[in-house]
Amino acid sequence: MRDIFVLFCTRGLRLFAFGLVSVILVFFLTERGFDTGQVGWLLSLTLIGDSAISLLLTTRADRWGRRRTLMISGLLMAFAGLAVLLTGNFWLLTLAMTIGVISPAGNEVGPFLAVEQAALAHIVEPAQRTHYIAWYNVAGFSATALGALTGGTLSGLLQKSGIPALASYEYLFVFYAGAGFILAFLSGWLSEAVEIKTAAVTNRGFIANWTGLHQSRSIVLRLSALFALDAFAGGFIVQSIMAYWFYLKFGASNFALGSVFFATNILSGISALAAVPLAKRIGLVNTMVFTHLPSNLMLMAVPLMPNFTLAAGLLLVRHLISQMDVPTRQSYVMAVVVPSEYSAANGITATVRSLGSGLAPSLAGGLLTIAPLVNAPIFLAGGLKILYDLALYRGFSHIKPPEETSS
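Residues numbered from 1 in each chain as written. Predicted model: local features only at pLDDT ≥ 70, side-chain atom pairs only at ≥ 80, totals over all residues. Heavy atoms only, no water.

**Observations concerning the overall build of the protein**
Regarding its fold elements, the protein presents 18 helices and zero strands. Here the protein has a C-alpha radius of gyration of 20 Å; the compact-globule value for 407 residues is 22 Å, and the two agree. Across its three principal directions, the C-alpha atoms of the protein cover 60 × 40 × 35 Å. Expressed as a percentage of the 407 residues in the protein, the buried residues total 60%. The long-range fraction of contacts in the protein, counting pairs at least 24 apart against all pairs at least 6 apart in sequence, stands at 85%. Accessible area of the protein: about 15200 Å², with a carbon and sulfur share of 69%. Measuring between centres, the 24 positive side-chain charges of the protein sit 4 Å from its 17 negative side-chain charges. (Helix = DSSP H or I, 4+ residues; strand = E, 2+ residues; numbered from the N terminus. Rg over C-alpha atoms; globule rule 2.2 N^0.38 Å. Buried < 20%, exposed > 50% of the residue type's maximum accessible area, 1.4 Å probe, protein only. Contact = heavy atoms within 4.5 Å. Areas by Shrake-Rupley, 256 points an atom, 1.4 Å probe, with all protein chains shown as cover. Lys, Arg positive; Asp, Glu negative; His and termini not counted. Charge placed at Lys NZ, Arg CZ, Asp CG, Glu CD.)

Written as structure tokens, this is what we have:
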């Protein structure tokens, strides 16, 4: 139970910090003098850099040690926070944010998720895997919600008290850097139970050795291709981009944006919990697809709303079901690979998701600079996500996890 407690604590602290800076990240960068096109490229390169670091660490975590990998990841997060504070040069900032770990979307980036879920799946019973992963996601969504609310509210209060906007955002990055150091410390508290105790990853040539996959390579690569499409679509609507879209479209304030994204993340947590009984009834893949499709139709309707209240309200309704695919997707990956491949499979699928999402913000940033196309990122996101849902159902609805075939 100590390991579960530590894993939930690190998840909560990390996602609070991610949410804290995600709402103000684009505003911070524009205050630094970057235009929206540069910001889009910076966000894209940040996500791509996080992907590369994640792939390197997660494909080796089961061999190097999961605790050690998480400690390194915490230090990379601290490095990114300090770098943002210390330089305003575009290229130095790009390099620092690419090497370090920072979240433009407010959700998971870096190696953390893959390794923590591998550890969690390793210490709980298979029948309880989706349950714990759902609560793990609730901890994350709740922490992101509090972080977004705090980031929007605190920066607004600081500015109202006379502190310049740029300085108000820098205070938040001081906390962000500190959170990275705390995460590195907490990860050292995990016990040996989270580690693979035998040399279970067999070297079967260069590819198997490099990826950490030896039995499940085919299914992981097929899933990864689909997850990349979904993430590419999601990259058009990362939280930072959506916050800026609400500002451009409706003139929304930091207070309003913080409140909206607090609520969306709380509802996302509820959505993740609701996925558990539904998945037991209709299966993991069916839950992913049958809840994701209507949520994407609602997403595409958000720009059609005539005012901020209705647009934000529809976004909130969407988040009641939009995240049911998250714990089910993560549990499904764990169900179709062997334990010695947990970190690697998580890492590869998470990395391709990060790479996919990393390509889109640069395109979204460019579209936001063109007034007639300001809604295009949302329409693109919804349409591509629907294609993903249909392809996932066709390709994987017949591949059942063990707990579904044995019942």
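**Remarks on the environment of alanine 145**
One can find alanine 145 in helix H7 (residues 129–160). The exposure class of alanine 145 is buried, given its relative accessible area of 0%. A C-alpha to C-alpha distance of 27 Å links alanine 145 and serine 343, two positions 198 residues apart in sequence. Not counting residues up to four positions away in its chain, the partners in contact with alanine 145 are Phe261, Phe262, Asn265 and Ile266.

**Considering the packing of aromatic side chains**
A full pass over the atoms with the stated rule returns 18 aromatic pairs. With a centroid separation of 5.9 Å and an interplanar angle of 80°, the aromatic rings of phenylalanine 27 and tyrosine 247 are classed as edge-to-face. Linking phenylalanine 27 in helix H1 (residues 2–31) with tyrosine 247 in helix H11 (residues 239–250), this pair joins segments that are 220 residues apart in sequence. A relative accessible area of 39% places tyrosine 247 in the partly exposed class. On the numbers, 5.3 Å between centres and 80° between planes, the contact of phenylalanine 232 with phenylalanine 236 is edge-to-face. Using a relative accessible area of 3% as the deciding quantity, one classes phenylalanine 236 as buried. Through pairs of rings, three or more aromatic residues link up here, namely Phe18, Phe28, Phe173 and Tyr176. (Phe/Tyr/Trp six-rings, centres within 6.5 Å; stacked < 30°, edge-to-face > 60°.)

**Some points on the nonpolar core**
Counting 79 residues, the largest nonpolar core has Leu29, Met77, Phe173 and Phe246 as the members making the most contacts within it. Top contributing element to this core by residue count: H1, with 17 residues. Beyond its immediate sequence surroundings of up to four residues, leucine 29 is in contact with Phe34, Val39, Leu42, Leu43 and Leu93. Within the second largest apolar cluster, 27 residues are counted, among which are Val220, Leu226, Met334 and Phe396. (Core = buried A, V, L, I, M, F, W, Y, C linked by side-chain atoms within 4.5 Å.)

**Some details on a nonpolar patch on the surface**
Together, Leu75, Leu82, Leu86 and Phe181 line one region of the surface with nonpolar side chains, adding up to about 420 Å² of accessible area. It is helix H4 (residues 66–86) that provides the largest number of residues to the nonpolar patch, a total of three residues. Given a relative accessible area of 44%, phenylalanine 181 falls into the partly exposed group. (Patch = residues over 30% accessible without salt bridge, like charges linked within 9 Å, V, L, I, M, F, W, Y side chains within 5 Å. Salt bridge = Lys/Arg side-chain N within 4 Å of Asp/Glu carboxyl O.)

**A closer look at the packing of H7 against helix H8 (residues 165–187)**
Direction vectors running N to C along H7 and H8 enclose 140°, while the axes themselves pass 9 Å from each other. Comparing the axis directions of H7 and H8 gives the class oblique. In terms of crossing hand, the pair formed by H7 and H8 is right-handed. Residue-level inspection shows Gly151, Leu154, Ser155, Leu158 and Gln159 of H7 in contact with H8, the latter providing Ala165, Ser168, Tyr169, Tyr171 and Leu172. (Axes fitted to C-alpha atoms, helices over the stretch in contact; angles between N-to-C directions. Parallel < 35°, antiparallel > 145°, perpendicular 65-115°, else oblique. Left-handed = near helix turned anticlockwise from the far one by under 90°.)

**What about the environment of glycine 33?**
With respect to the element layout, glycine 33 can be found in the loop between H1 and helix H2 (36–58). As a C-alpha pair, glycine 33 and leucine 355 span 322 residues in sequence and 26 Å in three-dimensional space.

**What to know about the pattern of salt bridges**
Think of it this way: side chains of opposite charge can pair up when their charged atoms draw near. One pass over the structure, following the stated rule, counts eight salt bridges. A salt bridge links aspartate 62 to arginine 66; its shortest N-O distance comes to 2.8 Å. The pair aspartate 62 / arginine 66 is uniform in exposure class, with both members buried. For the salt bridge of aspartate 230 with arginine 353, the shortest nitrogen-to-oxygen distance reads 3.0 Å. In this pair, aspartate 230 sits in helix H10 (residues 217–235) while arginine 353 sits in helix H16 (residues 342–368), placing the two residues 123 residues apart along the sequence. Overlapping salt bridges bring together Arg67, Glu192 and Glu195 as one network.

**Details of H10**
At 3.6 residues per turn, the α-helix brings residues three or four places apart onto the same side. Relative to the 27 Å expected for 19 residues at 1.5 Å per residue, H10 spans 26 Å between its end C-alpha atoms, a close match to the ideal helical length. Buried within H10 we find Ile219, Val220, Leu223, Ser224, Leu226, Phe227, Asp230, Ala231, Ala233, Gly234 and Gly235. Tucked inside the fold, the buried residues of H10 contact helix H13 (284–301), helix H15 (325–335), H16 and helix H17 (376–396). (Expected span 1.5 Å × (residues − 1).)

**Brief notes about the packing of H2 against H16**
In the contact formed by H2 and H16, the axes pass within 7 Å of each other and the chain directions differ by 170°. On the basis of their axis angle, the class for H2 and H16 is roughly antiparallel. Partitioning the contact of H2 with H16 into residue classes produces 11 nonpolar, 14 polar and no charged. (Nonpolar A, V, L, I, M, F, W, Y, C, P; charged D, E, K, R; others polar.)

**What to know about the side chain of arginine 14**
Structurally, arginine 14 is set in helix H1. In this structure arginine 14 comes out as buried when scored by relative accessible area, which is 0%. Arginine 14 has contacts with Met77, Glu108, Phe112, Glu116, Tyr136 and Leu183, leaving out every residue within four places of it along the chain.

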